[in-house]
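Each chain, letter by letter, is given below.
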Amino acid sequence: MATAFTIGHLAKATGTKVETVRYYERIGLLAAPGRTEGNYRAYGTEALSQLSFIRRARDLGFSIDQVRDLLDLAGQAQRDCGSVDAMATGHLAEIDRKLADLTALRRELSTLISSCRGGTISDCRILEALAPRAG
């Protein structure tokens, strides 16, 4: 192995926690590394590239399963990239849905806050709105 990284160096180089690197190995997202004579993990530059890819995909909000699919697709250089585009487009639609939900949530909370007239807790409009409704 030309370049060998310890798990700590690999984690630091990619902004990943050591436990996360171990987790990615356990679930098969990151290939298990070779070992040194002292039985320490020894990662090569390919692991660095792969972990950087995983980190970036996770930072963009892709799920573990989606990252697994993206890694699989990345290994098929001659394949049409339409499936990657479809996956990214679907993920963007999900982000847009979440943004719409958050916007509605923000609007509702803002309305609650603006209904506050001050006073005592017993007159708090926010707590009143959060309380169970009599049915």
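Now for a quick tour of the structure.

Here is what the cut-offs are and how they apply
Residues numbered from 1 in each chain as written. Predicted model: local features only at pLDDT ≥ 70, side-chain atom pairs only at ≥ 80, totals over all residues. Heavy atoms only, no water. Axes fitted to C-alpha atoms, helices over the stretch in contact; angles between N-to-C directions. Helix = DSSP H or I, 4+ residues; strand = E, 2+ residues; numbered from the N terminus. Parallel < 35°, antiparallel > 145°, perpendicular 65-115°, else oblique. Contact = heavy atoms within 4.5 Å. Nonpolar A, V, L, I, M, F, W, Y, C, P; charged D, E, K, R; others polar. Expected span 1.5 Å × (residues − 1). Buried < 20%, exposed > 50% of the residue type's maximum accessible area, 1.4 Å probe, protein only. Arc of directions from axis to C-beta. Left-handed = near helix turned anticlockwise from the far one by under 90°.

### Regarding the packing of helix α1 (residues 7–14) against helix α2 (residues 18–26)
In step 1: For the pair α1 and α2, the least separation of the axes is 9 Å and the interaxial angle reads 105°. In terms of orientation, α1 and α2 fall into the roughly perpendicular class. Two secondary-structure elements touch here, α1 through I7, G8, L10 and A11 and α2 through V18, V21 and R22.
In step 2: Of the residues assigned to the contact of α1 with α2, the class counts are five nonpolar, one polar and one charged.

### Side note on helix α3 (residues 45–59)
In step 1: Under the 1.5 Å per step criterion, the end-to-end length of α3 is 21 Å for 15 residues, consistent within 8% with the ideal 21 Å.
In step 2: When α3 is considered as a whole, its buried residues turn out to be A47, L51, I54 and A57. One side of α3 holds all its buried residues, which, seen down the axis, span an arc of 125°.
In step 3: Contact partners of the buried residues in α3: α1, α2 and α4 (64–74).

### A closer look at the packing of α4 against helix α5 (residues 82–114)
In step 1: The contact between α4 and α5 brings their axes to 10 Å, and the two run at 160°. It follows that α4 is roughly antiparallel to α5 by the angle criterion. For the pair α4 and α5, the sense of crossing is left-handed. Contacts between α4 and α5 involve Q66, D69, L70 and L73 from the first element and S83, V84, M87 and H91 from the second.
In step 2: Grouping the constituent residues of the contact of α4 with α5 by class yields four nonpolar, three polar and one charged.

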